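Structure at a glance
Below are the chains, spelled out letter by letter.
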Amino acid sequence: MSAARSLLENSRMNVTEAILARRAVRAYAPRKVDDATLRSLLRAAVQAPSAMNRQPWLFSIVQDAARLRRYSDRAKAMLLVAMASDAKAAHYRDLLASPGFDIFYDATTLVVIGPGERGAYTDADCWLAAENLMLAACEAGLGSCCIGFAIPVLNTPEVKAELGLPASGVAVAPLILGYPAAAPPPVERAEPKIVSWSR
Ligand SMILES: Cc1cc2nc3c(=O)[nH]c(=O)nc-3n(C[C@H](O)[C@H](O)[C@H](O)COP(=O)(O)O)c2cc1C
C-alpha cells in the first residue's frame, strides 16, 4: 500500500474539519508522541506541493527535554537582545524575561523543517509541509504550534549541526507537537479581504 493510500485509509476527519479544528496549542501533557505517529505525520508533511516537485524539506526531530530547555533558554536570551530597543515589543520582553516561560510550552516534540540549501521557493515549500503536518496532527488528536521564536537559535551553527542540518541548510519552520493539556480557546478570523475580483 502506498504511503498516501495508507494515510487516506486511516483518516477520521475531513480536510475542512481539520482546518477548522486546528488551533495553536500552548499547553501540553507530559505524554510523548510515539515514533509511529510521528512517522505518519511526516508522511503527511511530504505530500505537500513543492516548487518543481523538488521536495527540499529535511526534518529534524528533538524529543530530548534537556535539549529543548537549552534551546528555549538560549532563544529567550537572543530574542531579548534583538528586541532591546523595540518599543512595541514590551509585552514580549516581559514574557521572555520570565524564568518560567518555555518558548516550546513544555511540548514533548519539536519538528524543525528546512531545506538543505535555500532557494527561491524553499521557505514556501517547507511551510506548506508544516501545515500538512499540523492538520494531520490535529486529526490524530495532537496539538501543534509554529514557534517563530525558535528560528534564530535553531540557525546558529552549533544548533544546526546538532539538528543534522548541513552548513548550507536553514531551519525554516519549527513546530511543536504533543498532547494538549487543555482545549485551546477559539481564535476569531476576519472575513477574507478581497481587494479585487475581475470578471
Ligand atoms: C510563522 C509563525 C510563527 C509563529 N510563532 C509563534 C511563536 O513563536 N510562539 C507562539 O506562541 N505562537 C506562534 N505562532 C502561532 C500564532 O500565534 C497563531 O497561529 C495565531 O495566533 C493564530 O492562532 P491559531 O493558530 O490558533 O489559529 C506562530 C505562527 C506562525 C504562522
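Here we summarise the structure given alongside this text. Going along each chain's sequence as written, the residues are numbered from 1 onward. Given that this is a predicted model, residues contribute local features only at a pLDDT of at least 70 and side-chain atom pairs are listed and counted only at 80 or more, while totals for whole chains, interfaces and linings are drawn from all residues. Hydrogens are left out, water is left out, and the side-chain values use all remaining heavy atoms of the structure.

**Looking at the site of the ligand**
When at least one non-hydrogen atom of a residue lies within 4 Å of a molecule or strand, that residue is treated as near it. In the neighbourhood of the ligand, 13 residues make up the surrounding shell, with Arg 23, Ala 24, Arg 26, Tyr 105 and Arg 189 lying closest. Polar contacts, as counted here, are pairs of nitrogen or oxygen atoms within 3.5 Å of one another; within protein the pair requires one atom able to donate a hydrogen and one able to accept it, and residues that are adjacent in sequence qualify only if both atoms are side-chain atoms. In this structure, an oxygen atom belonging to the ligand sits 2.5 Å away from a side-chain N or O atom of Tyr 105. One nitrogen or oxygen atom from the side chain of Arg 189 is found 2.7 Å from an oxygen atom belonging to the ligand. Using the Shrake-Rupley algorithm and a 1.4 Å probe, accessible areas are obtained, with residue cover drawn only from the displayed protein chains. Alone, the ligand offers 620 Å² of accessible surface; in the complex the protein occludes 66% of this. When residues are grouped by polarity, Ala, Val, Leu, Ile, Met, Phe, Trp, Tyr, Cys and Pro land in nonpolar, Asp, Glu, Lys and Arg in charged, and all others, Gly among them, in polar. Among the residues making up the shell around the ligand, the classes are represented as eight nonpolar, one polar and four charged.

**Observations concerning the packing of helix 4 (residues 65-82) against helix 5 (residues 90-97)**
Here the axes come from fitting lines to C-alpha atoms, over the contacting stretch only for helices, and the angles between their N-to-C directions go from 0 to 180 degrees. Starting at the N terminus, helices and strands are each numbered in turn, a helix being any DSSP run of H or I of at least four residues and a strand any DSSP run of E of at least two. Running from N to C, helix 4 and helix 5 point in directions that differ by 150°, and their axes come no closer than 9 Å. Classified by the angle their axes make, helix 4 and helix 5 are roughly antiparallel. Like other packed secondary-structure pairs, helix 4 and helix 5 cross with a definite hand, here left-handed. Two secondary-structure elements touch here, helix 4 through Lys 76, Leu 79 and Leu 80 and helix 5 through Arg 93, Leu 96 and Ala 97. Of the residues contributing to the contact of helix 4 with helix 5, the split by class is four nonpolar, no polar and two charged. Roughly parallel means an angle under 35 degrees; roughly antiparallel, over 145; roughly perpendicular, 65 to 115; everything else is oblique. A crossing counts as left-handed when the near helix is turned anticlockwise from the far one by less than a right angle, and as right-handed when that turn is clockwise. Throughout, a residue-residue contact means that at least one pair of heavy atoms, one from each residue, lies within 4.5 Å.

**What to know about a nonpolar patch on the surface**
Residues enter a patch when their relative accessible area is above 30% and they make no salt bridge; the linking distance is 9 Å between like charges and 5 Å between nonpolar side chains (Val, Leu, Ile, Met, Phe, Trp, Tyr). Salt bridges, as used here, are contacts in which a Lys or Arg side-chain nitrogen is within 4 Å of a carboxyl oxygen on Asp or Glu. Residues Val 15, Ile 19 and Leu 20 make up a contiguous nonpolar surface patch of roughly 310 Å² in combined accessible area. Within the element layout of this structure, Ile 19 appears in helix 2 (residues 15-21).

**Here we look at the side chain of Asp 102**
For Asp 102, the location among the structural elements is in the loop between helix 5 and strand 2 (109-115). One buried charged residue, Asp 102, forms no salt bridge at all, with the nearest opposite charge on Arg 69 at 6.9 Å. Reaching out from Asp 102, the side chain makes a polar contact with the side chain of Ser 72 at a distance of 3.2 Å. Whether a residue is buried, partly exposed or exposed follows from its accessible area with a 1.4 Å probe, protein chains only, as a fraction of its type maximum: under 20%, in between, or over 50%, in that order. Positive: Lys, Arg. Negative: Asp, Glu. His and the chain ends are not part of the count.

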